[in-house]
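Listed below, chain by chain, are the residues.
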Amino acid sequence: MTAVSDPQSVSALAAEATDNRVNLDFETEGMTLNMGPQHPATHGTLRIIAKLDGEQVISAEPVCGYMHRGYEKLTEVRTYPQINALINRIDWLGSFANEVPFILAAEKLMGVEAPPRAQWIRTILFEMSRIANISLFLGDFGLQLGGMTAGFYAFRDREWVLNQIESATGGRFHPNFDRIGGLKDDLPKGWIESSHLAMARLLAFCDEMEDLLIGNEIFQARTRGIGVIPAEVGLSYGLSGANLRASGVDWDLRRDSCPPGLVYDKADWKVWTHPDGDCFARTWVRLQETREAAKIVTQLLDTIPSGPVMAKVPRIIKVPEGEAYVATENPLGEMGYYVVSKGDLVPFRVKIRSASFNNISIVPWVARGAYVPDLISILGSLYFILGDIDR
Amino acid sequence: MTLLLAASFDPPYWLSTLIKVLVISAVVPTTALILGMVFLFKIMSWMQSRLGPQEAGPRGTLQLLADGVKFLQKEDIAPDGADLRVFRIAPLVVLMSTLLLYVALPASMHLVVANLDVGVFYVLAVSSLSVIGVLMAGYGSASKYSLMGALRAAGQLIAYELPMVLAVIGVVIQAGTLSLNGIVVQQADGAIFGWTGIGFPYILTQFVGFFIFIAAVQAELTQPPFDMPVAESEIVSGYQVEYTGFRFLLFFLAEFATAFVFAGIAAVLFLGGWAVPWLETSSDWYYVLGPAVLFAKVMLVSFLIFWVRFTYPRFREDQLQSFAWKFLIPLALVNIVITGILKVVL
């Protein structure tokens, strides 16, 4: 991970780059366009106040908070297993991935480690929720750029993963399956074979998406060179996940600082980066990540060890006094929970670091000088989930 | 016998005008319904691996009718700041442009409302009238999204109207006539290197023109990849955003009826129109065969148009401009030059 050498020079670079994109000499009286909170391109209730000069965006300011549900406060009055059901709803497209870092933080405080079989299944389900999340991104981004069919294909093939998650956990969207010290249940019979089939389908879906959308000339014309984020700027805004890897920063928490309890080192996979940093790069990196996730799942399914899925933990969970921060590479980027415990049934304080909030903070910088259709490309490719922004 | 009677039926002027008005006002919604039903609902569903409407009517075939009835029941809402007169007339202007297009479309030698000697010229002229209605809708709605959509539509008009005209000129040069019926007769009487089996459909020589014409039609209909004026993910359906109920239905009817009539014009110009190869163009059988043949060809061209619509993402407005001015127009000009030279030489 390269550090930002000089914040002053970065902001000067950023200001110069944005000014170059706006033709200030011919600026006429602008128009303020209020996009959202019910705009179709905002995935929910994000509002963007865009000042326009013709079709060119002079400034775009995202306004979030329409969906604030107060999770950090709610966690203070709930026991640890109850919180697990709650935080499923943060990134609702890849729900299982929300549970894992919180459970890992609690395990770290308690000094418990899940049995190997549970760690394997955890990693498999984690990657499956990544696929469920990103495959919808691929379709939805196509939908936002006007390619209707891609969206339906994504919904169709995402079913394969959701069915697997459902048959293992009982919940399609909100599994609530992870427990401190392991998992709620073992896998059902025949699940491994059907998961192999689902992953094969998903790889075929990735090829189809590459043909239909990513390789399309119009798609490339709409995304290449649009919304370029240099690596330094992305780092200074705290971007993470595929958005940062698309700017050429080779940084993945799964490989670089994988917390104990996940077994990414047991599979052979690759972190993809792209040098361009534009909307196309972000889409391309996500497509490759979906493939890698399918690869990880396939490999782990073959090496899954036998044994119990639950370690010995007390029936009533009291977490000893202490503080722990655990972050994992979630579908949207770095997601971490800072858990402060006073040795009680409920945590004293939980700070949630979700990726989308940081990922949209760069919108004012990157949207300046873009056209209105480019703003849609930028918002779509930065890929945020409203529940992940507002919590 | 009945055919002969139909052929010799010569009503007075007022009666024939009345019949024509009634026929057009029945045909326009019917064609829009057929295209909407077949392509927007069914073919699109199958392309996107879903079933489409299933409940209304046998296999959901009456869904669009049910939707139409639903639209009629909706309240007619106008925004507060709207210029009411302009806002209310706008859908009618758009629909009027469509109705005017149907006037010149020949379904056989005599099954045409007005057999104009300058049919091609007339069609290209009235087709651009719809943009006036779009601009009125955008201005009258008093909404920023509507305004942007209308301005995009106006910008688009200038970009695609010229390639469309230039693409048709190749056909006109080859046929030597501006009459749509004349072009059909020319194609039916033509021969491919002396073989008169299927006449001479102009798509064989004017395939470049056909491509440009279909691309321009796509832009005229504001369909993907050129649907920037109604882009629902950017400007939330553009100029249509403030319309409800019946007035929205008028926009919908106009869009699909225009798709039908443009597919018909493409069929007439490039695919031989209503003519059947082995039948003389003066035959009375065309009272029955003409509409059927034309309808089949229209469905073929429509399939092409809608296939592209369901597959491609949309361009940006400035990308359409450069596509039109830097690619389509030079291509069309080259096509005209080559057609002209070959016409003189051969």
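Quick notes on the rules
Residues numbered from 1 in each chain as written. Chains lettered and ligands numbered in written order. Predicted model: local features only at pLDDT ≥ 70, side-chain atom pairs only at ≥ 80, totals over all residues. Helix = DSSP H or I, 4+ residues; strand = E, 2+ residues; numbered from the N terminus. Rg over C-alpha atoms; globule rule 2.2 N^0.38 Å. Buried ≥ 20, exposed ≤ 12 C-beta atoms within 10 Å, placed from the backbone. Contact = placed C-beta atoms within 7 Å. Expected span 1.5 Å × (residues − 1). Pairing = 2+ DSSP bridges. Axes fitted to C-alpha atoms, helices over the stretch in contact; angles between N-to-C directions. Parallel < 35°, antiparallel > 145°, perpendicular 65-115°, else oblique. Left-handed = near helix turned anticlockwise from the far one by under 90°. Nonpolar A, V, L, I, M, F, W, Y, C, P; charged D, E, K, R; others polar. Core = buried A, V, L, I, M, F, W, Y, C linked by C-beta atoms within 7 Å. pLDDT = per-residue confidence, 0-100.

With that settled, the discussion passes to the overall build of chain B. Each helix and strand counted, chain B has twelve helices and zero strands in total. Along chain B, from the amino end to the carboxyl end, the secondary structure elements read α-α-α-α-α-α-α-α-α-α-α-α. Computed over C-alpha atoms, the radius of gyration of chain B comes to 21 Å, within 12% of the 20 Å expected from 2.2 N^0.38 for 346 residues, which places it in the range of a compact globule. On the principal axes, the C-alpha backbone points of chain B span a range of 65 × 50 × 45 Å.

Helix and strand counts for chain A stand at 16 helices and eight strands. Scored against the burial criterion, the 391 residues of chain A give a buried share of 53%. At a minimum sequence separation of 6, the contacts of chain A that also span at least 24 residues come to 72%.

So, on to helix H12 (residues 279-303) of chain A. An α-helical segment advances 3.6 residues per turn. Residues three or four places apart therefore align on the same side. Between the first and last C-alpha of H12 of chain A there are 37 Å, a value that for 25 residues agrees with the 36 Å anticipated at 1.5 Å per step. Taken across its 25 residues, H12 of chain A has 19 buried, putting it largely inside the fold.

The subject of this paragraph is the sheet that holds strand S3 (residues 56-63) of chain A. Residues and elements named next belong to chain A. If you walk across this open sheet you meet the three strands as S1-S2-S3, and the pairing is antiparallel. Since the sheet does not close on itself, it has two edges, and those belong to strand S1 (31-35) and S3, each with one partner. Neighbour-to-neighbour, the strand axes of the sheet open up by a mean angle of 20 degrees, direction not taken into account. One ladder, built from seven bridges, connects strand S2 (residues 47-53) with S3; its direction is antiparallel. Bridge assignment links Lys51 to a residue of S3, and that residue is Ser59.

All names here are of chain B. Here helix H4 (residues 84-104) crosses helix H10 (residues 245-270) at 25 degrees, and the two axes come no closer than 9 Å. Of the possible angle classes, the one that applies to H4 and H10 is roughly parallel. The chirality of how H4 crosses H10 is left-handed. Listed contacts from H10 to Pro91, Leu92, Val94, Leu95, Thr98, Leu101 and Tyr102 of H4 are Arg247, Leu250, Phe251, Leu253, Ala254, Ala257, Thr258 and Val261. Here the residues of the contact of H4 with H10 are counted per class, giving twelve nonpolar, two polar and one charged.

Turning our attention to the sheet that holds strand S7 (residues 333-341) of chain A. Residue and element names in this part refer to chain A. Taken together, the three strands give an open sheet; going across it, the order is S6-S7-S8, and neighbouring strands pair in antiparallel fashion. In the strand order of this sheet, the two ends are held by strand S6 (322-330) and strand S8 (349-353), each with one partner. The mean angle between the axes of side-by-side strands here comes to 10 degrees, regardless of whether they run parallel or antiparallel. Bridging between S7 and S8 involves five bridges; their strand directions are antiparallel. The residue of S8 that forms the bridge with Val339 is Val350. Across the sheet, helix H4 (residues 95-110) is in contact with S6 and S7; its angle to S6 comes to roughly 150 degrees.

Ranked by size, the top nonpolar core spans 213 residues in total, and within it Ala106 and Leu375 of chain A together with Phe213 and Ala266 of chain B carry the most contacts. No other element matches the 19 residues that H10 of chain B contributes to this core. In this view, Leu375 of chain A contacts Ala50, Val57, Ala60, Ala367 and Ala370 of chain A; residues no more than four positions away in its chain are not counted.

So, on to the interface of chain A and chain B. Between chain A and chain B, the contact holds 26 residues from the first and 22 residues from the second. Mapped by element, the contributors of at least two residues to the side of chain A that touches chain B are S1, helix H5 (116-144), helix H6 (148-169), helix H8 (217-223) and helix H15 (372-382) of chain A. Classifying every residue of the side of chain A that touches chain B by side-chain character gives 16 nonpolar, seven polar and three charged.

All names here are of chain A. Looking at chain A as a whole, the pLDDT averages 84, with 92% of positions reaching at least 70. Confidence scores differ between elements of chain A, with helix H1 (residues 7-21) showing the lowest mean pLDDT of 57 and H12 the highest of 91. Low pLDDT (under 50) marks residues 1-5, which in the prediction has eight contacts with non-local residues, meaning those over four places away or in another chain.

Turning to the pairing of S7 of chain A, a few remarks are in order. Residues and elements named next belong to chain A. Of all nine residues in S7, seven are buried, a share of seventy percent or more. In terms of strand pairing, S6 meets S7 through nine bridges, oriented antiparallel. Paired with Thr328 across the strands is Met335, a residue of S7. Connecting S6 to the next strand, S7, in antiparallel fashion are two residues.

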